Amino acid sequence: AQSVTQPDIHITVSEGASLELRCNYSYGATPYLFWYVQSPGQGLQLLLKYFSGDTLVQGIKGFEAEFKRSQSSFNLRKPSVHWSDAAEYFCAVGGYTGNQFYFGTGTSLTVIP
Amino acid sequence: EADIYQTPRYLVIGTGKKITLECSQTMGHDKMYWYQQDPGMELHLIHYSYGVNSTEKGDLSSESTVSRIRTEHFPLTLESARPSHTSQYLCASTEGLSYEQYFGPGTRLTVT
């Protein structure tokens with residue numbers, strides 16, 4: 001069955017510190033992987049995506065993610081967190097048909113001064 | 001800039017009422033989706049559409065219905081609202097070649 005696991009419900013980091021959000025997936029075919037960010041009262045915005053090729057992908061706002069097939073993981077990283085990064089982050093997986101996408105439960109990020 | 005709109009943004013309604021949540025996009029995307037989002041839970045797909053006159057139910061059982069008469073419009077209807085329908089509803093559309101989903105701001109529905 002297709003599923004996405006985000007093991008960290010909530011993470012708190014200091015501004016300027018590095019960040020890593022974990023994502024593990026289960027998918028029966030070649031996965032298309034995504035990270036989205038959601039600010040309060042808003043919809044989701046795409047940060048980055050992986051379809052194929054280089055397993056380290058760069059996204060907007062200084063985020064990057066690394067696809068590791070052997071670990072079924074797609075962790076999101078940022079070297080230096082800004083206060084404006086505080087939000088909810090969702091990992092998602094889909095297939096080449098683009099008909100259905102499966103989301104994790106999200107990780108809530110708090111940034112302290 | 002993606003343009004996908006949802007109205008109303010907030011709705012409080014009594015049990016048994018019929019409601020329609022509106023979703024429109026101006027990008028010409030063929031595929032559109034409705035998700036239900038509850039705090040601490042994953043987004044659940046409740047309906048999707050490949051294009052005009054094509055709709056499918058998602059994994060989450062839902063008492064809602066959808067229609068797709070025009071490419072840009074994908075409304076969701078609840079014939080008889082119940083308190084269990086209280087949730088946030090997100091509409092999205094997909095650009096076919098990139099599979100990037102563009103999301104609307106959501107409708108927060110409360111059924112009393």
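This text follows the structure it describes.
Calculation criteria
Residues numbered from 1 in each chain as written. Chains lettered and ligands numbered in written order. Predicted model: local features only at pLDDT ≥ 70, side-chain atom pairs only at ≥ 80, totals over all residues. Heavy atoms only, no water. Helix = DSSP H or I, 4+ residues; strand = E, 2+ residues; numbered from the N terminus. Rg over C-alpha atoms; globule rule 2.2 N^0.38 Å. Buried < 20%, exposed > 50% of the residue type's maximum accessible area, 1.4 Å probe, protein only. Contact = heavy atoms within 4.5 Å. Areas by Shrake-Rupley, 256 points an atom, 1.4 Å probe, with all protein chains shown as cover. Lys, Arg positive; Asp, Glu negative; His and termini not counted. Charge placed at Lys NZ, Arg CZ, Asp CG, Glu CD. Buried area = accessible area lost by both parts, 1.4 Å probe. Salt bridge = Lys/Arg side-chain N within 4 Å of Asp/Glu carboxyl O. Polar contact = N/O pair within 3.5 Å; in protein donor to acceptor, adjacent residues only side chain to side chain. Disulfide = S-S within 2.5 Å.

Asks: Can you break down the overall build of chain A residue by residue, with the values?
Replies: For chain A, the count of helices and strands is zero helices and twelve strands. Secondary structure elements of chain A occur, N-terminal to C-terminal, as β-β-β-β-β-β-β-β-β-β-β-β. Since a compact globule built from 113 residues should have a radius of gyration of about 13 Å, the 13 Å found for chain A is in line with a globular shape. Across the 113 residues of chain A, 48% fall into the buried class. Of all intrachain contacts in chain A linking residues separated by at least 6 positions in sequence, the fraction that spans at least 24 positions is 54%. For chain A, the accessible area works out to roughly 5,200 Å², and carbon and sulfur atoms hold 50% of it. Here chain A carries 7 positive and 8 negative side-chain charges, and the mean point of each set is 5 Å from the other.

Asks: Quick one: what's the story with the interface of chain A and chain B, residue by residue and with numbers?
Replies: Listed by partner, the interface residues are 23 residues for chain A and 23 residues for chain B. Across the interface of chain A and chain B, roughly 1,900 Å² is buried in total on both sides, 50% from carbon and sulfur atoms. Summed over the three residues of chain A that lose the most area to chain B, namely N99, F101 and F103 of chain A, the buried surface amounts to 28% of that side. Connecting chain A to chain B are zero salt bridges. On the surface where chain A and chain B come into contact, there are three residue pairs in polar contact (both at pLDDT 80 or more).

Asks: Kindly report on the state of the cysteines, identifying the contributing residues and their values.
Replies: Residue and element names in this part refer to chain A. Counting across every chain of the model gives two disulfides over all chains. Shown here is the disulfide that connects C23 with C91, its sulfur atoms set 1.9 Å apart. Here the S-S torsion is close to -65°, and the disulfide linking C23 with C91 is therefore left-handed. Placement of C23 in the loop between β3 (19-21) and β4 (24-26) and of C91 in strand β10 (residues 87-94) is noted, with a sequence separation of 68 residues between them. C91 matches C23 in its accessibility class, with the two residues each being buried.

Asks: Now, about the side chain of S73 of chain A: what can you tell me, with residues and values included?
Replies: Turning to its location among the elements, S73 of chain A is positioned in strand β9 (residues 73-78). In contact with S73 of chain A, other than residues within four places in its own chain, are C23, N24, Y25, E66, F67 and K68 of chain A.

Asks: Residue-level account of unusual backbone geometry, with values.
Replies: Along the chain, T7 of chain B connects to P8 of chain B via a cis peptide bond; the corresponding omega equals -10°. Within the element layout of this structure, P8 of chain B appears in the loop between β1 (4-7) and β2 (10-13). Its identity is not glycine, yet K61 of chain A carries a phi of approximately 60°, on the positive side. With respect to the element layout, K61 of chain A can be found in the loop between β7 (56-58) and β8 (64-68). Given a relative accessible area of 47%, K61 of chain A falls into the partly exposed group. Positive phi, normally seen in glycine, also occurs at S72 of chain A, with a value near 50°. You can see S72 of chain A is positioned in the loop between β8 and β9. The class for S72 of chain A is partly exposed, based on a relative accessible area of 26%.

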